[in-house]
Structures are given as structure tokens and as C-alpha cells.
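# Close look at the chain arrangement
Listed below are the residues making up each chain.
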Amino acid sequence: MTFGWCFSVCILFVLVGLRLEEANAQFLREVGTKKLAYWSIVVDQSGHGNFTTIQSAIDSVPSQNMYWVSIKVKAGIYREKVKIPYDKPYIILKGEGKRRTFVEWDDHHNTSQSPTFVAMADNLVVKSISFRNSYNNPTNRKLIKPAVAAMVSGDKSYFFRVGFFGLQDTLWDDTGRHYYKLCTIQGAIDFIFGAGQSLFERCSISVIGGALDAGLPGFITAQGRTNSEDGNGFVFNYCHVFGNGTTYLGRPWRSHARVLFYKTNFSNVVQPAGWDAWRYHPNEGNITFAEYGNFGPGSDTSQRVSWMKKLDLETIESMTSTKFIDTDGWLQKQPF
Ligand SMILES: *[C@@H]1O[C@H](CO)[C@@H](O)[C@H](O)[C@H]1NC(C)=O
Ligand SMILES: *[C@@H]1O[C@H](CO)[C@@H](O)[C@H](O)[C@H]1NC(C)=O
Ligand SMILES: *[C@@H]1O[C@H](CO)[C@@H](O)[C@H](O)[C@H]1NC(C)=O
Ligand SMILES: *[C@@H]1O[C@H](CO)[C@@H](O)[C@H](O)[C@H]1NC(C)=O
Ligand SMILES: *[C@@H]1O[C@H](CO)[C@@H](O)[C@H](O)[C@H]1NC(C)=O
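Residues numbered from 1 in each chain as written. Chains lettered and ligands numbered in written order. Predicted model: local features only at pLDDT ≥ 70, side-chain atom pairs only at ≥ 80, totals over all residues. Heavy atoms only, no water.

A word on the overall build of the chain. Of regular secondary structure, the chain possesses four helices and 25 strands. Here the C-alpha atoms of the chain give a radius of gyration of 22 Å, agreeing with the 20 Å that 2.2 N^0.38 yields for 336 residues. Each principal axis of the C-alpha distribution contributes one length, and for the chain these read about 85 × 50 × 30 Å. In the chain, which comprises 336 residues, the proportion classed as buried is 51%. Restricting to contacts in the chain with at least 6 residues of sequence separation, those with at least 24 account for 67%. (Helix = DSSP H or I, 4+ residues; strand = E, 2+ residues; numbered from the N terminus. Rg over C-alpha atoms; globule rule 2.2 N^0.38 Å. Buried < 20%, exposed > 50% of the residue type's maximum accessible area, 1.4 Å probe, protein only. Contact = heavy atoms within 4.5 Å.)

Residues of helix H3 (residues 313-320) that are buried include every one of Ile-316, Met-319 and Thr-320, and no others. One side of H3 holds all its buried residues, which, seen down the axis, span an arc of 90°. Every exposed residue of H3 that faces more than 90 degrees away from the buried side is listed here: Glu-314 and Glu-317. (Arc of directions from axis to C-beta.)

It is worth spelling out the site of ligand 5 at this point. Taken together, Asn-283, Gly-285 and Asn-286 make up all the residues around ligand 5. One of the side-chain nitrogen or oxygen atoms of Asn-283 is found 3.2 Å away from an oxygen atom of ligand 5. Surface burial for ligand 5 is 37%, taken as the share of its 360 Å² of free accessible area covered by protein chains. (Near = heavy atom within 4 Å. Polar contact = N/O pair within 3.5 Å; in protein donor to acceptor, adjacent residues only side chain to side chain. Areas by Shrake-Rupley, 256 points an atom, 1.4 Å probe, with all protein chains shown as cover.)

On to the site of ligand 2, then. Close to ligand 2 lie His-109, Asn-110, Ser-112 and Gln-113, which account for all nearby residues. With respect to ligand 2, the side chain of His-109 contributes an N or O atom lying 3.3 Å from an oxygen atom. Between Asn-110 and ligand 2, the recorded distance is 2.4 Å, taken from a side-chain N or O atom to an oxygen atom. The protein chains hide 30% of the 360 Å² of surface that ligand 2 would expose on its own. Tallied by class, the residues present in the shell around ligand 2 amount to no nonpolar, four polar and no charged. (Nonpolar A, V, L, I, M, F, W, Y, C, P; charged D, E, K, R; others polar.)

Turning our attention to the packing of aromatic side chains. Each aromatic ring pair is described using two quantities: the centre-to-centre distance and the angle formed by the ring planes. Applying the stated criterion to the full structure yields 22 aromatic pairs. Ring centres of Tyr-262 and Tyr-292 lie 6.1 Å apart, and the angle between their planes is 10°; this geometry places the pair in the stacked category. Note that Tyr-262 is positioned in strand S23 (residues 258-262) and Tyr-292 in strand S25 (residues 288-292), a separation of 30 residues in sequence. We classify Tyr-262 as buried; its relative accessible area is 12%. Overall, the relative accessible area of 34% leaves Tyr-292 in the partly exposed class. It is Arg-254 that lies over the ring of Trp-253; its NZ or CZ is 4.1 Å from the centre. (Phe/Tyr/Trp six-rings, centres within 6.5 Å; stacked < 30°, edge-to-face > 60°. Lys NZ or Arg CZ within 6 Å of the ring centre and 35° of its normal.)

Let us look at the pairing of strand S8 (residues 101-105). Burial analysis of S8 places four of its five residues in the buried class, the great majority of the element. Taken together, the three bridges between strand S5 (residues 76-78) and S8 define a ladder with parallel strand orientation. If you follow Ile-77 over to S8, its bridge partner there is Phe-102. Both S8 and strand S10 (residues 124-133) contribute to a ladder of four bridges, which runs parallel. Across the sheet, residue Trp-105 finds its bridge partner in S10, namely Asn-133. (Pairing = 2+ DSSP bridges.)

A word on the pairing of strand S12 (residues 157-165). Among the nine residues in S12, seven count as buried, and that is most of the element. When S10 meets S12, the two strands line up parallel, connected through eight bridges. Within the sheet, the bridge partner assigned to Ile-129 lies in S12 and is Val-162. The sheet contact formed by S12 and strand S14 (residues 177-181) spans four bridges and is parallel.

Glancing now at the confidence of the model for the chain. When pLDDT is averaged across the chain, the result is 91; 90% of the residues are at 70 or more. Throughout residues 9-25 the model reports pLDDT below 50, and contacts reaching past four residues in sequence, or to other chains, amount to three contacts. (pLDDT = per-residue confidence, 0-100.)

A few words now on unusual backbone geometry. In this model, His-281 is joined to Pro-282 through a cis peptide bond whose omega is 5°. As for its position among the elements, Pro-282 is in the loop between strand S24 (265-266) and S25. For Arg-161, which is not glycine, the phi torsion reads 50° and is therefore positive. Along the chain, Arg-161 turns up in strand S12.

Once that is clear, we can look at the nonpolar core. Inside soluble globular proteins, nonpolar side chains tend to come together where they are buried. One finds Ile-71 and Phe-131 to be the most contacted residues of the largest nonpolar core, which totals 58 residues. The contacts of Ile-71, once residues within four sequence positions are left out, are Ile-41, Val-43, Ala-57, Ile-58, Val-61, Ile-91, Ile-92, Leu-93 and Lys-94. If you look at the next biggest cluster of nonpolar residues, it comprises 16 residues, including Val-125, Leu-199, Met-319 and Trp-330. (Core = buried A, V, L, I, M, F, W, Y, C linked by side-chain atoms within 4.5 Å.)

With that settled, consider the pattern of salt bridges. For the structure on display, the rule yields nine salt bridges. The shortest N-O distance in the salt bridge between Lys-81 and Asp-107 comes to 2.6 Å. One end of the pair, Lys-81, is in the loop between S5 and strand S6 (82-84); the other, Asp-107, is in the loop between S8 and strand S9 (117-119), and 26 residues separate them in sequence. Residue Asp-107 is classed as buried on the basis of its relative accessible area, which comes to 18%. One salt bridge connects Glu-96 with Arg-100, and the closest N-O pair in it is separated by 3.9 Å. (Salt bridge = Lys/Arg side-chain N within 4 Å of Asp/Glu carboxyl O.)

Dropping the structure here:
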């Protein structure tokens, strides 16, 4: 009787132990104090890696993947479109530097067909690589079209030192919680758009409004929140807005758009009015466009639109903290 009871308890502990181990295994392999990916794949155009294209490396990851897989991409310009499908979470895509490893294509048939890089899966880490849609290269004399460099639709995605280059609709921050740190995002028209719930920290926002017809201002953001209850919105912390031509900070893509610039350095590319209501005049009351603690010649708010929101400090603190995108601790579990 006693033995039987003890035996059952022991079995129970062993089973619980195995369950925990399995749960950790979903994330990382621990070697000493280091946390490592379960396996690594090397992409190298010269043929010295496992694959010569990024897509073939992603295709080799099993469906419903449960283990962090690192895909290291050697320096070079990869002329291919890359897609991480829904069923391939836990991928770490790492280049050799955002000025050294480029993924480049030039589709422009329509917005959804155009992205050079598409990320549908949750739990993604991307580092030290750049995505470019070269269709609207400003030196070309073509009609400007929406041409997306990257579309991010998965949840729990982290981008570190990643570049996004385009002109119109460069970064489609579609949906999910995203953290962009030390990234460069370049464009002129609506070049950060979508309904993602995203924190952009210490990013360079490179405006190339000079590519537009003389005097036409561009728009950095076109945020897509549709409802005052929705958690999404774009928050820019300690960023740097600079470049050529002139730009508004944003216009609402959808009725309840939400964008905050915080402690950001604005050069004189920023239009004195700051924001545009686009199709939502006279319903500006539903829009949350706000600025707090910014500096530089473009930060003077004396001529800003009258409907710009004044957020209270508590709201500003909650939006500029990583808690804005992480209430369940996912950021801590990511292999930074
Ligand atoms: C990648 O190539 C290395 C070196 O040839 C090899 O050891 C490794 O098993 C390969 N990995 C995969 C996932 O194919
Ligand atoms: C975009 O183009 C693709 C491919 O030609 C097509 O299948 C799709 O329906 C188009 N989407 C829209 C929204 O027009
Ligand atoms: C604007 O800046 C971009 C990026 O530095 C550059 O390529 C482009 O030539 C500039 N355009 C003008 C009109 O100065
Ligand atoms: C702000 O940006 C300008 C260039 O746009 C730069 O010259 C200046 O040093 C920056 N200020 C700070 C405090 O980083
Ligand atoms: C906000 O949007 C609702 C519809 O969603 C509209 O009825 C209302 O008038 C708008 N409010 C303001 C202040 O613009």
C-alpha cells in the first residue's frame, strides 16, 4: 500500500519533470549558462553552407516546428522573395549586418503580392539583415506604386538591427506584437503601415521625400487601428527622424489610428502641422496621434493640428514601456 502510493507519487514527479523539460525544449537548448538554438543552418551563395537561398533553408524547417532553429545568412545580395509560413514558428533569421546581407526583389503588382519578405509565423527573431523592395528606386523615373519590402503578420516577433528599404509602403506591420530595436526604416509614403501592436526603439526613420514630385510631402506612418478597444498602435521611442523632402508624421489608414512619438530627434523634414486626417475629417476625435518629449528642429508643436492628442503621463508611460507589447513575458523567452 505505502509502496504503491510512493510509486505513484514518484511516477507523477517524473511525468511532471518530463513535461517541464518538454516545455523548455520548445524554446532553447541550455549549454552551461548559454541558451542556444537547437540547430543551425547556414545559407551561403558561394556554396559553402547548407543552402544557397534563404527560402530553401526555411523550406527545410519542419512544419509545426517546436524548436528554435537558427538560419545564418552570409553577406551578399539575395535576389529572392522569402516567406516564413504560418506553420514554421521559432525561426531565428540572422544576417551578417544590415549593410552586408540584403534580401531584394521588386514586385509591385498589388500591395499584398509585393512584399520581398513575408513573416506569417509567431515567435520570430530577425537580426542584422536588410529587406528591400527596389521597384520605386528613387533614381528610376517610374510611376510610384505600393511596393512592400517586408510584411509582418505573426505575433511575438523581434527585429534587431534590421533594415527595411522602399519608397511607398516599405514596412507592412500587419498584425501581432512586434519589437523593432535599432532598425532602419526608409521610405516616403505611408512607409510604416498596418495594424501591428509595435514598439520601435532607437530606430532610424529615413525619409526620402526628395523622391516625390517637387514640394509634395510624404507620410511616415499610416496606422490601421479600427476600434478604440483594440490594443494595436505604433510607438516610437528614442528614434531619429531625418532625410530629405518633407513629411507628415502620419495619417490614419483606419478610423482609430494610434501613433506616439516619444523622446525622438526630429530634423526639419517634419511638416509643421505634423499630422494629416486624410479620409477621416471630420472624425479626428477617434484618432490618437501624440508626441511627447521630442527634440530637434522638427519637434516644435506650436503649429501642429488642433486635434493632436494630449496623452496623460500614465498612458505615455504604459505605451512606451515594453509592457505595451508584452504583458505575458514573451520577450524574456526570446533568444536575444
Ligand atoms: C549543415 O552543414 C554542416 C556542414 O556540412 C553539417 O554539419 C550540418 O549537419 C548541416 N546542417 C543541416 C541542417 O543540414
Ligand atoms: C494581388 O495579386 C495577386 C496575384 O496576381 C492576386 O491573386 C490577388 O487577388 C491580388 N490581390 C488583390 C487584393 O487585388
Ligand atoms: C534623399 O536621400 C536618399 C537616401 O540618402 C538619397 O538616395 C536620395 O538621392 C536623396 N534625394 C534627394 C532628392 O536628395
Ligand atoms: C539629432 O539629429 C541631428 C541630425 O538630424 C544630429 O545632427 C544631432 O546630433 C541629433 N541630436 C542628438 C542629441 O542625437
Ligand atoms: C468615432 O467613430 C464613430 C464610428 O465608429 C462615429 O460615430 C463618431 O462620430 C466618431 N467620433 C468622433 C469624435 O469623431
